[in-house]
Amino acid sequence: MNTNKPMLGIIGGGQLGSMLCQAATKLNIGTTILTDDKESPAQNFCDKFIYTKYTSSETLEQFAKSCDFITFEFENIPFEILDKVSKITRVYPDPQINKIVQNRFEEKNFLKTLEIATTSYALIKSKQDIEKNINLLPGILKTCTLGYDGKGQFVIKTIEDVKKEWCFSDDYILEKFINLKQEISIIITRYQDGSLSIFEPFENIHKDQILNTTTIPANITKEIFKEAQEIAKKISEKLQYIGTMCVEFFIDQENKLYVNEIAPRVHNSGHLTINSHNISQFENHIRAVCHLENIPLKKISNAKMTNIIGNEITKYRSRTFAANEFFFDYLKKDIKDKRKMGHFTILK
Ligand code: ADP
Ligand code: MG
């Protein structure tokens, strides 16, 4: 490297990559985005953009050699790629962690070993497996890997809902359906010295299984506030996690808390931290990954974030905003149904 600026490599170039680049720039850290999507919005925010189908060992090697630190913006990167790159330059969080949380079944087994409550679940490879687990109905059948924003999920009320044409070519997990009172998430950053930085719980409302709004403060009891933070700490410590991660929780009608899933990365529910706190989830991630100081969190304001999905973006693009309103356009080339196109945060 012939510049003084440290270089952070980010695998993946979506909106999370864009917001990571913006946080890095603020800290005077250079960014290289490596992605298999030519249209990646993060190319608008990075210093260097590498488009690759991930299959070229040479490109991966060059990328790794040109970076001082490497991270990723989404967890579904094949393990072999992260592993290859991490042999040259350390990848944070450790790719081994992805192996656990990339797979919903492994993830729940891991939580069980920590005695953390989750929905009841079973591994499903055939219709017979569902028949054997009829006690989990009504439930949600989810692909073990690669699902997001409700993709790869099927509601099964009774065994008749299992379609004949389903071939079960992938592994699935069947989760018992929880009658939700609320959903919350905790965003936590663990630094290389083991110190933690943890936000207050965020209250999340989903629409069609896609996050619609996040609000702070969450309307929850002190006990749930504390319990959720303790669980997130326990998970990050057990994983020896470095960087920002998110733990999504369900709260049922009896006020019982369950972990839904872990995201080993910055998370949509933390976007409001860009405006609501002195340090955002993105800045915290960059600081942890690049060995910078852990600065105590301070809340500037309560806030509500609304995701802008599909066509809704056009009306935001032509709107004016008040001083307490912040609009983020992800600059995606095509507007698609159910696609996250931007978000809007209001401080209050
Ligand atoms: P994704 O990876 O797509 O975020 P999730 O497992 O978090 O998948 O599911 C998305 C949303 O669907 C959840 O935030 C919740 O609103 C709803 N959901 C998922 N599983 C259950 C369940 N077992 N009981 C009730 N609601 C659920
Ligand atoms: Mg989720």
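Reading guide: rules and limits
- Residues numbered from 1 in each chain as written.
- Chains lettered and ligands numbered in written order.
- Predicted model: local features only at pLDDT ≥ 70, side-chain atom pairs only at ≥ 80, totals over all residues.
- Heavy atoms only, no water.
- Axes fitted to C-alpha atoms, helices over the stretch in contact; angles between N-to-C directions.
- Helix = DSSP H or I, 4+ residues; strand = E, 2+ residues; numbered from the N terminus.
- Parallel < 35°, antiparallel > 145°, perpendicular 65-115°, else oblique.
- Left-handed = near helix turned anticlockwise from the far one by under 90°.
- Contact = heavy atoms within 4.5 Å.
- Core = buried A, V, L, I, M, F, W, Y, C linked by side-chain atoms within 4.5 Å.
- Buried < 20%, exposed > 50% of the residue type's maximum accessible area, 1.4 Å probe, protein only.
- Arc of directions from axis to C-beta.
- Domains from an automatic or database assignment.
- Buried area = accessible area lost by both parts, 1.4 Å probe.
- Salt bridge = Lys/Arg side-chain N within 4 Å of Asp/Glu carboxyl O.
- Polar contact = N/O pair within 3.5 Å; in protein donor to acceptor, adjacent residues only side chain to side chain.
- Nonpolar A, V, L, I, M, F, W, Y, C, P; charged D, E, K, R; others polar.

We now examine the packing of helix 1 (residues 15-26) against helix 9 (residues 281-289). Between helix 1 and helix 9, whose axes approach to 8 Å, the crossing angle comes to 65 degrees. Considering their axes alone, helix 1 and helix 9 lie roughly perpendicular with respect to each other. Every pair of crossing elements has a handedness; the one defined by helix 1 and helix 9 is right-handed. For the pair helix 1 and helix 9, the contacting residues are Leu 16, Met 19, Leu 20, Ala 23, Ala 24 and Lys 26 in the first and Phe 282, Glu 283, His 285 and Ile 286 in the second.

Further remarks concern the nonpolar core. Ranked by size, the top nonpolar core spans 25 residues in total, and within it Ile 184, Ile 235, Phe 249 and Leu 257 carry the most contacts. Mapped onto this core, the elements with two or more residues apiece are helix 4 (95-101), helix 5 (104-113), strand 9 (180-190), helix 7 (222-238), strand 13 (243-252) and strand 14 (257-263). The greatest single-element share of this core, amounting to 5 residues, is contributed by helix 7. In this structure Phe 249 touches Gln 182, Glu 183, Ile 184, Ser 185, Ile 186, Ala 228, Ile 231, Leu 257, Tyr 258, Val 259 and Asn 260, once residues within four positions along its chain are discounted. Membership of the second largest hydrophobic core comes to 23 residues, among which are Leu 8, Ala 42, Ile 242 and Phe 282.

Within the span of helix 2 (residues 57-65), buried status applies to Thr 59, Leu 60, Phe 63 and Ala 64. The buried residues of helix 2 occupy an angular sector of 130 degrees when projected down its axis, which confines them to one face. Residues Glu 58, Gln 62 and Lys 65 are exposed on helix 2 and point more than 90 degrees away from its buried face. Contact partners of the buried residues in helix 2: strand 1 (7-11), strand 2 (30-35), strand 3 (48-51), strand 4 (69-72) and helix 3 (79-86).

Splitting the chain by domain gives domain 1 (7-91), domain 2 (120-176) and domain 3 (180-347). When each unit is reduced to the centre of its C-alpha atoms, the spacing between domain 1 and domain 3 is 22 Å. Taken together, the contacts link 21 residues of domain 1 with 21 residues of domain 3. Each partner contributes to the roughly 1,900 Å² buried at the junction of domain 1 and domain 3, and carbon and sulfur atoms together form 73% of this total. Applying the counting rule to domain 1 against domain 3 returns 3 salt bridges. One salt bridge connects Lys 26 with Glu 283, and the closest N-O pair in it is separated by 2.7 Å. Here domain 1 and domain 3 share 4 residue pairs in polar contact (both at pLDDT 80 or more) between them. Counting residues per element, the ones that place at least two in the side of domain 1 that touches domain 3 are helix 1 and strand 4. Residue classes in the side of domain 1 that touches domain 3 are distributed as 14 nonpolar, 3 polar and 4 charged.

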